[in-house]
Amino acid sequence: MIDQKYQIIADFDVKDVLSEYLDVCQIAFQRLDLSVTEPLINVIRHKASREEPILLIIKWKTLERLLVESSHHANFRHLCQANKIKVIINSSEDPLFNFQYSLKAVKYKFEHDSKDHYGIRFDGFGPKHFDAIQKLQLDILINGSAGNYFKKRFPNWRFVEIGHWFERFFWTSHIYHLKTDHDPRYTFFSLIRFHKTGREHRQSFYDAIKDRPLIDQAFIRTTGGHNEQPTHQDPYDYFPSRWLDSIGGRSCQVPMLEYYKKSCFEVVCETYGGQDNDDSFYVTEKICKPILMKHPFVVVGNKHYLENLRSIGFKTFDGLIDESYDRLNGHQHRAEAIADLLSKLDMTNAKQFYDQSRDICEHNQKILLSKIGRHKFDLWKKLKDYFDSI
C-alpha cells in the first residue's frame, strides 16, 4: 500500500474524488489545514512523524504558498530536491483547464485570484512563481492528455491522465429525446466565441471562412470580442427559464436542438487550438453535444485532436470527408485546410455526408454514454494503477 511507502498529507476536502478513493481503500492520510498562519512546511514536518518520505497531494495555490513562505526549521525546496517530499498536484475538478489557463496567465503576465461561475476559487499558477515551479519534480493529475508538446516543454513534470472532463460533468444526455426530424436548411453551423486573449484558432477559422461563398449556405454564431453583432437563438427561447437558471453556468452544455435539426454537420470550435504544435487533448461539452445528437462534425482545435478522439474509442469521418487538417502544424494552416474542406461541401454534398455518417454517429453516441456511465469505475482503476506505480 502506498501509505506504507509514504506519509500522505493532502489539502483536499472531503468532497474531492481522491478523498473518497483514499478513504474507501483505507489508505491512511492526514489533511493539511490551509487556514493556519504558521508556515505550511512547519505544519507538514510536524505531521510527518515517521522516517518515510512525504507524499504531498496539493493544489497549485498551496504549492505557491510553500514556495513563498520561509521557515527557520525546514526548507521546502531542499526537501523536494532531497526526495524527502514528493509532490502531486491535484487541482480542482477541471485540472487540465486550470493548467492551460495558468499558462495563459504566464504568457499574458497576469495573476489571478478570482472565482468561477460556480463560486469556486480558481486554482492555478501565475508568472510570479512560474520559474521556481518549473524546476520542481511534479506529478500532475489531469483530465485529458498532455501530449508530446507539454511533455517536452516541462521535462520535470509527469502528467498523469485520470480521465476526461466529459465523463464526470457532461450530464445533459436526456436532451437527445427532444430531438425532432432532421430538416436541413444549412450545410453546417458553427458557434464561434472570441476572446480578448487566447483562442487565436477561432479567429483564424473565422478569417479563413468569412469571405468565402460557403458562408451563404451556413449558419454562423459569433459572440464576444468581435465587432459584428451575434447571430444566434438564445437557449431561453427553447427551454424553461426556471430550469436554465437552476443549472447556472452548466447551461452551456445544453444542445440547441434547432441547430442540429436544420444543419447537416457542425464545425466545433474547441477550447484549445491556438498554440502551434500543441497536441494536448481536452474534451469539452463542445464536442460532446454533436456526438450526443448523432451529428457529424469537423473540429477547429489542437493538432491531432481527431487522432486523440479515436484513441479513446470514438470514430471520426475520414473516408467520408478529408480529415488531413488534423495533422497540420499551426492553427492558421488548419483553419485554411478546414475552409477548403467546407468549400467543397455544398448542400448536396453536405446532405450526403450526413446520410453516410449515420453508423459512425450511432457508434459515437454509444461510446459517449458508456464512458459517462463508467466514469468512477475507470477513474478508480487509473488511480490504483498510478499509486501502485510510485
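Enquirer: Would you mind showing me how to read the overall build of the protein chain here?
Expert: Counting its regular elements, the protein chain contains 18 helices and 10 strands. With the C-alpha coordinates of the protein chain rotated into their principal frame, the extents come out at 75 × 40 × 40 Å. Evaluated residue by residue, the protein chain yields a buried proportion of 52% over its 390 residues. In the protein chain, the proportion of contacts linking residues at least 24 apart, taken out of those at least 6 apart, comes to 71%. Looking at the protein chain as shown, the accessible area adds up to about 18800 Å², and 47% of this sits on carbon and sulfur atoms. Here the protein chain holds 55 positive side-chain charges and 53 negative ones, and the gap between their average locations is 2 Å.

Enquirer: Help me understand the environment of Leu-56, please; the structure alone is not making it clear to me.
Expert: If you trace the backbone, Leu-56 turns up in strand E3 (residues 54-58). The buried category is assigned to Leu-56, whose relative accessible area is 0%. Between the alpha carbons of Leu-56 and Tyr-6 there is a distance of 9.2 Å; along the sequence they are 50 residues apart. The contact partners of Leu-56, leaving out residues within four places of it in the chain, are Ile-9, Ile-44, Leu-66, Phe-76, Ile-85, Lys-86, Val-87 and Ile-88.

Enquirer: How do you make sense of helix H6 (residues 95-108) when you look at a structure like this?
Expert: Since one α-helical turn is 3.6 residues long, residues separated by three or four positions face the same way. In this model H6 runs 20 Å from its N-terminal to its C-terminal C-alpha over 14 residues, within 8% of the 20 Å that 1.5 Å per residue would give. Among the 14 residues in H6, 10 count as buried, and that is most of the element. Listed in full, the buried residues belonging to H6 are Pro-95, Leu-96, Asn-98, Phe-99, Gln-100, Ser-102, Leu-103, Lys-104, Ala-105 and Val-106. Each element contacted by the buried residues of H6 is listed here: helix H4 (60-68), helix H7 (130-134), strand E5 (138-142), helix H8 (147-153) and strand E6 (157-161).

Enquirer: Is there a simple way to think about unusual backbone geometry in this case?
Expert: Among all residues save glycine, negative phi is the norm, and among peptide bonds the norm is trans. Of note, Lys-109 is a non-glycine position whose phi angle comes to about 60°, a positive value. With respect to the helices, strands and loops of the structure, Lys-109 is situated in the loop between H6 and H7. Its identity is not glycine, yet Lys-294 carries a phi of approximately 55°, on the positive side. The topology assignment puts Lys-294 in the loop between helix H13 (285-292) and strand E10 (297-300).

Enquirer: How should the pattern of salt bridges be read in this particular structure?
Expert: Any two side chains of opposite charge can pair, on the condition that their charged atoms come close. Applying the stated criterion across every chain yields a total of 19 salt bridges. Across the pair Lys-376 and Glu-20 runs a salt bridge, and its minimum N-O distance is 3.0 Å. With Lys-376 in helix H18 (residues 375-389) and Glu-20 in helix H2 (residues 17-24), the pair connects residues that are 356 residues apart, well separated along the chain. Here Glu-285 ties to Lys-286 by a salt bridge, and the two come within 3.3 Å at their closest N and O atoms. Note on Glu-285: relative accessible area 11%, which makes it buried.

Enquirer: Looking at this model, I keep getting lost on H18. Mind explaining?
Expert: Spanning 15 residues, H18 covers 21 Å between terminal C-alpha atoms, matching the ideal 21 Å at 1.5 Å per step. For H18, every residue scored as buried is listed here: His-375, Asp-378, Leu-379, Leu-383, Tyr-386 and Phe-387. What you see down the axis of H18 is that its buried residues fit within an arc of 160°, all on one side. For H18, the exposed residues set more than 90 degrees away from the buried face come down to Phe-377 and Asp-388.

Enquirer: So what exactly am I meant to see when it comes to the confidence of the model for the protein chain here?
Expert: Close inspection of predicted coordinates is inappropriate for parts of the model with low pLDDT. Of the residues in the protein chain, 94% have a pLDDT of 70 or more, and the chain-wide mean is 92. Contacts from residues 226-233, a stretch scored under 50 in pLDDT, to residues over four places away or in other chains number 18 contacts.

Enquirer: Can you walk me through the sheet that holds strand E2 (residues 30-31) in this structure?
Expert: Note on sheets: strands pair through backbone hydrogen bonds, and any given pair is parallel or antiparallel. The parallel open sheet is built from 6 strands, whose spatial order is E2-E1-E3-E4-E5-E6. If you trace the sheet from one side to the other, it starts and ends with E2 and E6, each paired once.

Enquirer: I keep staring at the pairing of strand E4 (residues 85-89) and nothing clicks. Help me out?
Expert: Regular strands show a simple pattern: their side chains alternate between the two faces of the sheet. Among the 5 residues of E4, 4 are classified as buried, and the element is accordingly described as predominantly covered. Note that E4 and E5 share 3 bridges and pair parallel. For Val-87, the partnering residue across the bridge sits in E5 and is Leu-138.

Enquirer: Got a minute to help me understand the side chain of Gln-365 in this structure?
Expert: Note on placement: Gln-365 falls in helix H17 (residues 358-373). Taking relative accessible area as the criterion, Gln-365 reaches 9% and is therefore assigned buried. Once residues lying within four places of it in the same chain are set aside, the contact partners of Gln-365 are Tyr-176, Ile-291, Leu-292 and Lys-294.

Enquirer: I tried to follow the packing of aromatic side chains on my own but got confused; where do I start?
Expert: Counting across every chain of the model gives 36 aromatic pairs. Seen from their ring centres, Phe-99 and Phe-125 are 6.0 Å apart, and the 70° between their planes marks the pair as edge-to-face. Of this pair, Phe-99 sits in helix H6 while Phe-125 sits in the loop between H6 and H7, and the two are 26 residues apart along the sequence. Exposure class is identical for Phe-99 and Phe-125. Each is buried. With a centroid separation of 5.6 Å and an interplanar angle of 85°, the aromatic rings of Phe-194 and Tyr-206 are classed as edge-to-face. With a gap of 12 residues between them, Phe-194 in the loop between strand E7 (186-193) and helix H10 (200-209) and Tyr-206 in helix H10 connect regions that are remote in the sequence. For Phe-194, a relative accessible area of 5% translates into the label buried. Here Tyr-206 falls in the buried class, since its relative accessible area comes to 8%. The rings of Trp-60, Phe-99, Phe-125, Phe-130, Tyr-149, Phe-150, Phe-154, Trp-157 and Phe-159 are connected pair by pair, giving a single aromatic cluster. Arg-358 extends its terminal NZ or CZ atom over the ring of Tyr-354, reaching a point 3.8 Å from the ring centre.

Reading guide: rules and limits
Residues numbered from 1 in each chain as written. Predicted model: local features only at pLDDT ≥ 70, side-chain atom pairs only at ≥ 80, totals over all residues. Heavy atoms only, no water. Helix = DSSP H or I, 4+ residues; strand = E, 2+ residues; numbered from the N terminus. Buried < 20%, exposed > 50% of the residue type's maximum accessible area, 1.4 Å probe, protein only. Contact = heavy atoms within 4.5 Å. Areas by Shrake-Rupley, 256 points an atom, 1.4 Å probe, with all protein chains shown as cover. Lys, Arg positive; Asp, Glu negative; His and termini not counted. Charge placed at Lys NZ, Arg CZ, Asp CG, Glu CD. Expected span 1.5 Å × (residues − 1). Salt bridge = Lys/Arg side-chain N within 4 Å of Asp/Glu carboxyl O. Arc of directions from axis to C-beta. pLDDT = per-residue confidence, 0-100. Pairing = 2+ DSSP bridges. Phe/Tyr/Trp six-rings, centres within 6.5 Å; stacked < 30°, edge-to-face > 60°. Lys NZ or Arg CZ within 6 Å of the ring centre and 35° of its normal.

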